[in-house]
Amino acid sequence: MSAESPLEIHDLTVAYHRKPVLWGVDLVVPAGQLIGIIGPNGAGKSTLIKACMGLLPVQSGWVKLFGQPFNKVATRVGYVPQRESVDWDFPVSVMDVVLMGRYGRLGLLRRPGKADRDLARSCLEKVQLLPYANRQIANLSGGQQQRVFLARALAQQADLYFMDEPFSGVDAATEAAIIAVLRELRDQGRTLLVVHHDLPTARQYFDRLLLLNMNVVAFGPTADVYTPELLQRTYGGRLTILSEVAQALGAQEPPR
Amino acid sequence: MRPAITPTVGWLEARAWLGYLGVLILGIALAAPAQAAGIGDLVEIHWAEQATRFFTFQDATVRYALLGSIFLGLSCGLLGSFIVVRKMALVGDALSHAVLPGVALGFLWNMSKDPMAIFIGAMIAGLVGTALVSAITRTTRLKEDAALGLVLATFFAAGICLVTMIQQLPTGNKSGIDKFLFGQAAALGADDIKLMGAVTAVALLLVVAFYKELLATSFDPGFARASGLPARWIHHGLMFLLAAAVVIALQAVGVVLVSAMLVTPAAAAYLLTDRLHRLVTLASLFGVAAGVSGAFLSFVGPSLPTGPLMVVGASFVFALAFMFAPRHGVIARWWRRRTGAARTRRENTLKSMFHVWEAAAFRAEGVTLTELAEKRRETLEDAQRLGRALVRHDLATLSGDVLYFTPAGKQRASEIVRNHRLWELYLTNSAGIAPDHVHEDAERIEHVLGETVVRALERRLDYARVDPHGRSIPTPREIHGDAGLTDESKPRRKS
Amino acid sequence: MTSLIPPYDAHAVWVAPWTEQLSLYGWIAAMGFAVAAACGLVGNYLMLRRMALMGDAVSHSVLPGLVVAFLVSGSRSTGPMFVGALAAGAAATLIIETIHTRTRVKQDAAIGIAFSTLFALGVILTVAFAGQIDLDAECVLYGEISFVPLEPMVTLGGWTLGPEPFVRMAAVAVGVGVMILVWYKELLVSSFDPGLARSLGINPALLHYGLMATLSIVVVSAFEAVGAILVIAMLILPGSTASMLTTRLPKVHLLSLLHAALSSVLGVSLGIWLNCSMAAAMVVAGAVLFGLAWLASPSQGLVARWWHGRRRESVEQPAPGVGV
């Protein structure tokens, strides 16, 4: 672990079709924490983590991961996308998907070897999916599919994880299993940023909360930040003018 | 921003597109002979003579070709509109290729080009094809695009097998069945025209009768079904009409390109209007224009197949719409962007003038070009250019090398400065953004804030008078008063 | 009507082409296999990326590129043809992108407009300059695999590799196979989850354009043999059939190759029997294979589905009785 903060964001503005979604975000994330990203729909939660990984063009500001731009440290970063973002009819097995987590570390031309397979198996074991390793991914329940993504992220052996709603559409038992895995990762000194939309559980699950609504409303230890006043500011639509102006800006400058 | 003008916009738009329509038709009419000249020379036929024959309707072939292309353009444009708004363009493509085996079987019925037999055969093949596409997507893991491509190419291959077999037959060689591949409008006969007319009339009637249902199901099928509309039947009915339109167009356009006659005119119309009924009307007109110009070009250069010429005609219409559409066209957008950028530049100049004036505690007589250039860190020539732009728009006057605000210019300058500072204050106070981050945003926002948003901002900020950097925010009274730096009145000191 | 289907002669259809006429039909079948193999392998990725209809667009669009290349270079040598096809393929993608990003016309309509315009221009050029190009408009649609020249034979170090068009096509097919082997991981992950690919440091855009360029080259190589429309079947049928039978990508590739081989051999026989276009017959044979897989696939075939449905019904039917 380097002394650098795993994630540092300065004055980040991101726009979809020229309509700003995130506005002037500043953030310094301490290492070894399990962090929940909380906010209403359209607050820019997924946008934030996608922008951190360079999946979206950034309008202004910068993001540094471990003190460096994303491309330099890609192998230290793991990602769990939303479950709906892929085609589950794709002709691959559970094992193949988990092995994809190793691709970043394999160079060109190299195949996943025995070590990679063993690691993938142990990751599947951790999420209790080992018996399903050779199944085609369409033949899994929603919770199992979510756990496949989690296993893939484990196989990435990253120091920093971005997870986009890993609890959506899973049953209570799966949710408990997932959070146990996340805590284990945290205890190993890794940093996790998890987009989450359920307030009561957010309070139990996370060490720190990032309250987001187009910009950072608050970021700090859960006990300090989980206050009625701050939550009201996050969810209370106090930024109607901001979004109204964003709308006007989008209308005035049509997408090219 | 200026609600008073809104009611007239619809009118302006309507007039604009009528005007463009005129230009389009004129363009086609002018372009057609010019292009024909080239082709005519190529095949060594005197095109002027042929053109006279075409437009004087001397013989039946010409009349049939013309009527046929009008009917097909009308029906394809009409039904194609729904294909485009329902995002089913590629269904039309699959449908049109899938009819080929049906054409061949219809031909085999009594070894002649009997329009009715071919119509029935092709309809059946087309509908079986589309049914297969939905069966494959329903019962397998193949996605719709793969299913469409699969049915399209397979049916086409079966059709080619049949066509090449027919051509081996003793009578097959003279059958003209190969004309169904690329189309030949000159091959249309009286029976074909009757069938085309009947299908077009039925399509027109049904679309008018079920317009409301078509509109609702195209926009939001789920809601339409929930509100009791027979969305499924509307869909099947539309597919049936589409198949019929494709089949009657086959003889003139050919199997390969008939889908373009569905999609391209409708897509061109889609660029010109925001209402479905206008879209349908325009698409039909464009279809007719493309059909007639294709038939004409093919007539003056007889060895050329009609279908590709009609398609190129339709694409030409689309290209014109792409360039010149009053709201969505490339040129209109470019112009808007350019004028928008010029306006932003003027407003930034005004702002710089205001800043210079403010720095002199509002006492100076005017702003010299040198001061402006220094303020903006630009050359004197740049400052001169910017100053002249202000003068052209009556925002300032220039005497010697000193710029004076006009009342309008001064008002706009104060507004921009006020917008900028209000926005900075709002971002720091209400959105909790650090003061050193807000300037860049405000630089863009100041140009787009409308009066209503400004009022709301002022209310929210309790009519604050000082921005986060400690500078005063111009108030409405100061803005609308005639105080200050104009060439008519001496600048007054601000309180 | 009776004279339409020639009398069936088992020897002429099944035996002769592979014995006494092998030197002719053997090469036709080999050519068909090479075309279907190259197309099938590329097509698998097109389908996984839901871009099957880009194959449609590119295959139609290469025509004007080919014609212009013929007219400019005055020959049908490989170099200018590839350049023309790549340029036309690039033009098609550019037009599609321009239309659907700059206007509100959706991508499907943009594809329809772009390929039909380019194809129409190509046909007009073909007909207008018919004297200078030995391409006729119908051949453009469905190719003529039986007239692909068998001369000259290419030899390499004393080995006779085969007729020049076949060698060229086979080289393209092998090239595609090697590319898939080399970039298997990258292609897989960027097709399955472009977001993850990007976060792993793989550039999905680069792979996308690489795939489109490969598609253009495959399509233009296959053009002479199967034309602009049948090539779509060659792109889609092998992979579709394979994915009815397996859920693993490597097996999908292998089964696509098997489908390519079977459909070209069966196609030759069908073409001889019906005396029709050989390329079209290969597609029809391939479609019959797809139909069989669709019906009889053990895991997802129609029969299996019907059987499972019936068993479920027969299990569930007594249930209300039990309740009463």
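These numbers come from a predicted model, not from an experiment.

**Section: the overall build of chain B**
Across its full length, chain B holds 22 helices and three strands. Counting over 495 residues, chain B shows a buried share of 55%. When contacts within chain B are restricted to residue pairs at least 6 apart in sequence, long-range pairs at least 24 apart make up 71% of them. Carbon and sulfur atoms form 62% of the exposed surface of chain B, whose accessible area is close to 21300 Å².

**Re unusual backbone geometry**
Here Met214 of chain A, not a glycine, exhibits a phi torsion of approximately 70°, which is positive. Residue position: Met214 of chain A is located in the loop between strand E8 (208-213) and strand E9 (215-221). In this structure Met214 of chain A comes out as buried when scored by relative accessible area, which is 8%. You will see that Arg377 of chain B, though not glycine, has its phi angle at about 50°, which is positive. Checked against the element boundaries, Arg377 of chain B lands in the loop between helix H17 (369-376) and helix H18 (380-392).

**Some details on the interface of chain B and chain C**
Listed by partner, the interface residues are 61 residues for chain B and 61 residues for chain C. The interface formed by chain B and chain C contains zero salt bridges. Connecting chain B to chain C are 15 residue pairs in polar contact (both at pLDDT 80 or more). When residues of the side of chain B that touches chain C are traced back to their parent elements, those giving at least two are helix H4 (89-98), helix H6 (115-139), helix H7 (144-168), helix H8 (179-182), helix H13 (258-270) and helix H15 (306-324) of chain B.

**Some remarks on helix H8 (residues 228-235) of chain A**
Residues and elements named next belong to chain A. Among all positions of H8, only Leu230, Leu231 and Thr234 are buried. When H8 is viewed along its axis, its buried side chains cluster within an angular range of 100° and face the same direction. Seen from the buried face of H8, the exposed residues on the opposite side, beyond 90 degrees, are Pro228 and Glu229. On its buried face, H8 is in contact with strand E3 (34-38), helix H6 (199-205), E8, E9 and helix H7 (222-225).

**Points about the pattern of salt bridges**
For the structure shown, the criterion picks out 24 salt bridges over all chains. Between Glu415 of chain B and Arg412 of chain B there is a salt bridge; the shortest N-O distance is 2.6 Å. Of this pair, Glu415 of chain B and Arg412 of chain B both sit in helix H19 (residues 407-429), three residues apart, which is roughly one turn of the helix. A residue is classified by how much of its surface remains accessible, and Glu415 of chain B, at 10% relative accessible area, is buried. On the accessibility criterion, Arg412 of chain B (23% relative accessible area) is partly exposed. Between Arg168 of chain C and Glu164 of chain C there is a salt bridge, with its nearest N and O atoms 3.4 Å apart. Residue Arg168 of chain C and its partner Glu164 of chain C are both found in helix H7 (residues 164-182); the two are separated by four residues, about one turn of the helix.

**Focus: the pairing of strand E1 (residues 153-156) of chain C**
Side-chain positions along a regular strand alternate between the two faces of the sheet. Residues and elements named next belong to chain C. Inspection of the sheet shows E1 paired to strand E2 (residues 159-163) by four bridges, in the antiparallel sense. The partner of Met153 across the bridge, within E2, is Pro163. Adjacent in sequence and paired antiparallel, E1 and E2 are bridged by two residues, among which Gly157 carries a positive phi angle near 55°.

**A few points about the sheet that holds strand E3 (residues 402-405) of chain B**
Residue and element names in this part refer to chain B. Ordered in space as E1-E3-E2, the three strands form an open sheet in which the pairing is antiparallel. One side of each edge strand has no neighbouring strand; the edge strands of this open sheet are strand E1 (367-368) and strand E2 (396-399). As judged from the four bridges shared by E2 and E3, these two strands associate in the antiparallel manner. Looking across to E3, one finds that Ala396 is bridged to Phe405.

**Re the confidence of the model for chain B**
All names here are of chain B. Confidence in the prediction for chain B averages 79 pLDDT; 82% of positions are at 70 or higher. When mean pLDDT is compared element by element in chain B, H13 scores highest at 92, while helix H1 (residues 6-42) scores lowest at 45. Overall, residues 1-17 carries pLDDT values under 50, and its contacts beyond four positions in sequence, including any with other chains, amount to 10 contacts.

**Brief notes about the confidence of the model for chain A**
The predicted model of chain A has a mean per-residue pLDDT of 84, with 89% of residues at 70 or higher. Taken element by element, the predicted model of chain A shows its lowest mean pLDDT in helix H9 (residues 240-252) of chain A (62) and its highest in strand E7 (residues 191-195) of chain A (95).

**So, the nonpolar core**
Grouped together as the largest cluster of nonpolar side chains are 270 residues, with contacts concentrated most on Leu182 of chain A together with Phe119 of chain C. Take this core: its biggest share by element is 23 residues, from helix H10 (residues 204-245) of chain C. Not counting residues within four places of it along the chain, the set of residues in contact with Leu182 of chain A comprises Leu34, Leu150, Met163, Phe167, Leu192 and Val194 of chain A. The next biggest cluster of nonpolar side chains, apart from the first, holds 31 residues, and it includes Leu22, Leu56, Phe70 and Leu210 of chain A.

**Focus: a positive patch on the surface**
Residues Arg138, Arg225 and Arg232 of chain B together with Arg305 of chain C make up a contiguous surface patch of positive charge. Residue position: Arg225 of chain B is located in helix H11 (residues 221-226).

**A word on a nonpolar patch on the surface**
Residue and element names in this part refer to chain B. On the surface, a nonpolar cluster with roughly 490 Å² of combined accessible area is contributed by Met323, Phe324, Ile331, Trp334 and Trp335. Contributions of two or more residues to the nonpolar patch are made by H15 and helix H16 (330-359). Of the residues forming the nonpolar patch, the biggest block, three residues, is contributed by H16. Note that Trp334 resides in helix H16.

**Thoughts on the pairing of E3 of chain B**
All names here are of chain B. Every second residue of E3 is oriented toward a common face, with Val402 and Tyr404 on one face and Leu403 and Phe405 on the other, all of them buried. Here E1 pairs with E3 via two bridges, running antiparallel. Residue pairing in the sheet places Thr368 in a bridge with Val402 of E3. Between E2 and E3, which pair antiparallel one after the other, the connecting turn spans two residues, and Gly400 there sits at a positive phi close to 65°.

About the thresholds
Just so you know, the residues in each chain are numbered from 1, in the order the chain's sequence is written. A letter from A marks each chain and a number from 1 marks each ligand, given out in the order of writing. Selection of residues for local features in this predicted model requires a pLDDT of at least 70, selection of side-chain atom pairs for listing and counting requires 80 or more, and totals for whole chains, interfaces and linings are taken over all residues. The side-chain figures draw on all heavy atoms in the structure; neither hydrogens nor water molecules are used. For the purposes of this entry, the term helix denotes a DSSP run of H or I that reaches at least four residues, the term strand denotes a run of E that reaches at least two, and both are numbered from the N terminus. Only protein chains enter the accessibility calculation, which uses a 1.4 Å probe; a residue whose area is less than 20% of its type maximum is buried, one above 50% is exposed, and one in between is partly exposed. Residues are treated as being in contact if the distance between any of their heavy atoms lies within 4.5 Å. The accessible surface values rely on the Shrake-Rupley method and a 1.4 Å probe; as for residues, cover is taken only from the protein chains in view. In the sections that follow, a salt bridge refers to a side-chain nitrogen of Lys or Arg positioned within 4 Å of a carboxyl oxygen of Asp or Glu. Whenever two N or O atoms come within 3.5 Å, that pair is a polar contact, provided that in protein one can donate a hydrogen and the other can accept it, and provided that, for residues adjacent in sequence, both atoms are side-chain atoms. Throughout, the arc means that of the directions going from the helix axis to the C-beta atoms. Two strands pair if DSSP finds at least two bridges between them. Known as pLDDT, the predictor's confidence for each residue is given on a scale from 0 to 100. For this analysis, a nonpolar core means a set of buried residues of the types Ala, Val, Leu, Ile, Met, Phe, Trp, Tyr and Cys, connected via side-chain atoms within 4.5 Å. Residues form patches when they are more than 30% accessible in relative terms and have no salt bridge. Like charges link within 9 Å. Nonpolar side chains (Val, Leu, Ile, Met, Phe, Trp, Tyr) link within 5 Å. None of His or the chain ends enter the tally, which takes Lys and Arg as positive and Asp and Glu as negative. Charge positions are represented by NZ for Lys, CZ for Arg, CG for Asp and CD for Glu.

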